[in-house]
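Remarks on the overall topology
Chain by chain, the residues:
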Amino acid sequence: MAVRAIRGAVQVDADEREQVLEATAELVAEVMRRNELTTDDVISVLFTATPDLTSEFPALAARELGFADVPLMCSTEISVPHALPRVVRLMAHVETDRPRTQIQHVYLRGAQALRLDIAQ
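Attention in this report is confined to the structure presented alongside it. These figures come from a predicted structure and were not determined experimentally.

1. Quick look at empty space enclosed by the protein
Throughout the structure, instances matching the rule amount to 1 cavity of 30 Å³ or more. Approximately 60 Å³ is the volume attributed to the largest cavity. Around the largest cavity sit Val 28, Val 31, Met 32, Leu 37, Val 42, Val 45, Phe 67, Leu 90, Ala 92 and Val 94, which together line it. Contributions of two or more residues to the lining of the largest cavity are made by helix H1 (17–34), strand E2 (42–49) and strand E4 (87–96).

Encoded structure:
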């Protein structure tokens, strides 16, 4: 079994608690679905949020999806003047038999523009 990192991001319409939680839950669920993972496969998840998102910790959405014993951490993305606003990003470290070339990175809503080269 190999350890792989999976990237993902989602853009929210506004810095409102429910929007952050809903969008993050959608992102986490889609990463899990596309990569055929269970929470037992997840080693850890690092979430970042752009500085304009302060209404809630994105990790709470993962906790509410059943990531109770998975180490989760939130951080603020660096503030770059031309960066896409209101974005939650994640990097999940997982155990999987999938080769690196078959990992599905997930970019949803407006965040698709961040990585057109790897977005699925």
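2. Notes on the layout of surface pockets
Empty space within the largest pocket amounts to approximately 160 Å³. For the largest pocket, the full set of lining residues is Ala 49, Thr 50, Pro 51, Leu 53, Thr 54, Glu 56, Phe 57, Pro 58, Cys 74, Ser 75 and Thr 76. The biggest single contributor to the lining of the largest pocket is strand E3 (residues 72–76), with 3 residues. Class assignment of the residues belonging to the lining of the largest pocket gives a composition of 6 nonpolar, 4 polar and 1 charged.

3. Topic: the sheet that holds E4
What the 5 strands build is an open sheet, ordered E3-E2-E4-E1-E5; its pairing is mixed. The open sheet has two edge strands, E3 and strand E5 (106–108), and neither has a second partner. Averaged over all neighbouring strand pairs, the angle between strand axes comes to 15 degrees, with direction disregarded. Both E2 and E4 contribute to a ladder of 7 bridges, which runs antiparallel. Residue Thr 48 lies in a different strand from E4, and its bridge partner there is Arg 89. Contacting strand E1 (2–11), E2, E4 and E5, H1 crosses the sheet at an angle of about 145 degrees to E5.

Rules used throughout
- Residues numbered from 1 in each chain as written.
- Predicted model: local features only at pLDDT ≥ 70, side-chain atom pairs only at ≥ 80, totals over all residues.
- Heavy atoms only, no water.
- 1 Å grid on protein atoms, 1.4 Å probe; cavity = no way out; pocket = protein on both sides within 12 Å on 5 of 7 lines; lining within 4 Å.
- Points joined across faces, edges and corners; volume = space filled by probe spheres on them.
- Helix = DSSP H or I, 4+ residues; strand = E, 2+ residues; numbered from the N terminus.
- Nonpolar A, V, L, I, M, F, W, Y, C, P; charged D, E, K, R; others polar.
- Pairing = 2+ DSSP bridges.
- Axes fitted to C-alpha atoms, helices over the stretch in contact; angles between N-to-C directions.
- Contact = heavy atoms within 4.5 Å.

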